[in-house]
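Below, each chain spelled out in residue letters.
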Amino acid sequence: EHFDTHYGEQLGQRWTAAREVLLHPRSWQHGVMLNRFAAPQDVREQLLLQGFSNLLPRSSGSSLQCFVHRSPVHVPSQRHQAGQLKQYYLLNAASLLPVLALDVREGDRVLDLCSAPGGKALAILQSATPGVLHCNELDAHRHEWLVKTLESFVPQTLSDVLKVSNLDGRLFGKIEAGAYDKVLLDAPCSNDRSWLFSGRPQHGALWLRERAKLPELQKDLLRSALEAVVPGGLVVYSTCTLSRAENSEVVQDILSSCPNIELQELNELALSFAHHFTFDPNTPFGLLVVPDYGRTWGPMFVSKLKKLC
């Protein structure tokens with residue numbers, strides 16, 4: 001009832017399709033991101049034979065490769081084997097948009113502020129070799145998950161590039177002010193794919209109380225991220241919820257209270273993926289991918305901010 005009331009008002013008819021998709025996991029499509037450090041040419045050929053295509057055109061010049069299928073084709077996850085890197089990572093393909101928006105270049109100093117489970121950090125490393133990639137995660141269980149992900153996909157030769165920490169993201173604006181060129185804040189949010197399912201009514205009531213607290217935490221984290229970049233630096237804010245209170249309204253509040261922060265356009269990014277993702281045309285301050293029939297990607301909100309001084 002809560003979701004129907006809020007999202008029905010926010011998204012109109014788009015909520016009808018999104019609701020049906022979110023409640024039927026068997027309809028979900030899966031992206032297969034190849035690991036360039038594990039020479040996955042055979043995997044690439046197998047995916048092409050199965051009807052997968054590369055989400056990113058070769059003309060993009062990116063070494064990032066993510067294969068998608070029009071149907072919800074099942075691809076098994078690979079087991080961790082000591083001394084061997086996994087060849088691919090399964091993900092919601094829309095979750096690559098924040099990484100593409102950040103546009104990491106060789107040598108950039110990058111902070112992934114809320115990094116677990118690590119898929120976006122892996123995508124950054126598939127795209128470029130930054131000077132530093134600092135992956136932070138406060139939650140102990142998720143921090144463990146992050147470490148295992150990095151061990152499974154990243155070679156030891158990049159150990160001098162990677163740094164992993166277990167700190168409160170709200171501290172970085174003070175302890176590492178101006179230390180980074182770019183920051184990715186994939187913020188803790190009311191993940192609609194999992195929050196729609198609750199075993200007992202008490203769980204749903206608890207989640208709704210937690211949901212109400214999230215925007216203040218998200219604003220604090222975003223302020224910290226902006227303080228952690230150099231003047232001229234970029235911050236990408238993202239969530240995997242449709243909630244306007246956790247998306248546009250968080251960014252709007254920051255822009256209203258921080259005159260040295262400028263919103264960056266993402267129109268070209270949206271146009272590049274309009275044939276794969278369904279974007280909500282009424283979302284201000286960023287892009288919102290809404291799950292749709294045959295395009296089950298999302299939810300994913302992305303906003304890009306520049307620190308002027």
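Predicted model only: the values in this text are computed from it and were never measured. (Residues numbered from 1 in each chain as written. Predicted model: local features only at pLDDT ≥ 70, side-chain atom pairs only at ≥ 80, totals over all residues. Heavy atoms only, no water.)

If you tally the helices and strands in the protein chain, you get eleven helices and twelve strands. For 309 residues, the compact-globule estimate of 2.2 N^0.38 gives 19 Å, and the protein chain sits close to it at 19 Å. Taken along its principal axes, the extent of the C-alpha atoms in the protein chain is 45 × 45 × 40 Å. The 309 residues of the protein chain split such that 50% are buried. Taking contacts inside the protein chain between residues at least 6 apart in sequence as the whole, the part at least 24 apart equals 73%. Of the roughly 14,600 Å² of accessible surface on the protein chain, a fraction of 52% belongs to carbon and sulfur atoms. Positive and negative charge centroids in the protein chain, built from 30 and 32 side chains respectively, lie 3 Å apart. (Helix = DSSP H or I, 4+ residues; strand = E, 2+ residues; numbered from the N terminus. Rg over C-alpha atoms; globule rule 2.2 N^0.38 Å. Buried < 20%, exposed > 50% of the residue type's maximum accessible area, 1.4 Å probe, protein only. Contact = heavy atoms within 4.5 Å. Areas by Shrake-Rupley, 256 points an atom, 1.4 Å probe, with all protein chains shown as cover. Lys, Arg positive; Asp, Glu negative; His and termini not counted. Charge placed at Lys NZ, Arg CZ, Asp CG, Glu CD.)

This brings us to a nonpolar patch on the surface. Together, L167, L171 and I175 make up a nonpolar patch on the protein surface, roughly 250 Å² of accessible area in all. Here L167 shows up in the loop between β7 (162–165) and α7 (172–175). (Patch = residues over 30% accessible without salt bridge, like charges linked within 9 Å, V, L, I, M, F, W, Y side chains within 5 Å. Salt bridge = Lys/Arg side-chain N within 4 Å of Asp/Glu carboxyl O.)

Going through the model one piece at a time under the given rule, you end up with 13 salt bridges. A salt bridge links R105 to D103, with the shortest nitrogen-to-oxygen separation between them at 2.7 Å. Between E137 and R142 there is a salt bridge, with the nearest N and O atoms lying 3.7 Å from each other. Given the relative accessible area of 30%, R142 is considered partly exposed. A cluster of three or more residues bridged by salt bridges with shared partners is formed by E216, K219, D220, R223 and D253.

Before going further, it helps to spend a moment on the packing of helix α1 (residues 2–11) against helix α2 (residues 14–22). As a packed pair, α1 and α2 sit with axes 8 Å apart at the nearest point and diverge in direction by 135°. Judged by the angle between their axes, α1 and α2 are oblique. On α2, the residues touching F3, D4, Y7, G8 and L11 of α1 are R14, W15 and R19. The class makeup of the residues in the contact of α1 with α2 is four nonpolar, one polar and three charged. (Axes fitted to C-alpha atoms, helices over the stretch in contact; angles between N-to-C directions. Parallel < 35°, antiparallel > 145°, perpendicular 65-115°, else oblique. Nonpolar A, V, L, I, M, F, W, Y, C, P; charged D, E, K, R; others polar.)

This part takes up the side chain of S165. With respect to the helices and strands, S165 occurs in strand β7. Within the local environment of S165, its side chain forms a polar contact with the side chain of N136, the two groups lying 2.7 Å apart. Discounting chain neighbours no more than four positions away, the residues touching S165 are H134, C135, N136, E137, H143 and F172. (Polar contact = N/O pair within 3.5 Å; in protein donor to acceptor, adjacent residues only side chain to side chain.)

By size, the foremost hydrophobic cluster in this structure holds 46 residues, and its most contacted members are L55, L133 and F277. The element contributing the most residues to this core is helix α5 (residues 119–127), with five residues. Ignoring any residue separated from it by four or fewer positions in sequence, one finds L133 in contact with V110, A121, I124, L125, V161, L162 and K163. In this structure, L113, F172, I254 and L288 belong to the second largest nonpolar core, which totals 34 residues. (Core = buried A, V, L, I, M, F, W, Y, C linked by side-chain atoms within 4.5 Å.)

The side chains of a regular strand alternate, residue by residue, between the two faces of the sheet. Counting buried positions over the eight residues of strand β12 (residues 300–307) gives seven, a clear majority of the element. Note that strand β9 (residues 229–239) and β12 share six bridges and pair antiparallel. Within β12, the residue paired with T239 across the bridge is F301. Pairing geometry for strand β10 (residues 261–264) and β12, over four bridges, is antiparallel. From the neighbouring strand, L263 faces β12, where its bridge partner is L305. Direction of pairing for strand β11 (residues 287–289) relative to β12: antiparallel, over a ladder of three bridges. Within β12, the residue paired with V289 across the bridge is M300. (Pairing = 2+ DSSP bridges.)

Function cannot be inferred from these measures alone, as they are strictly geometric.
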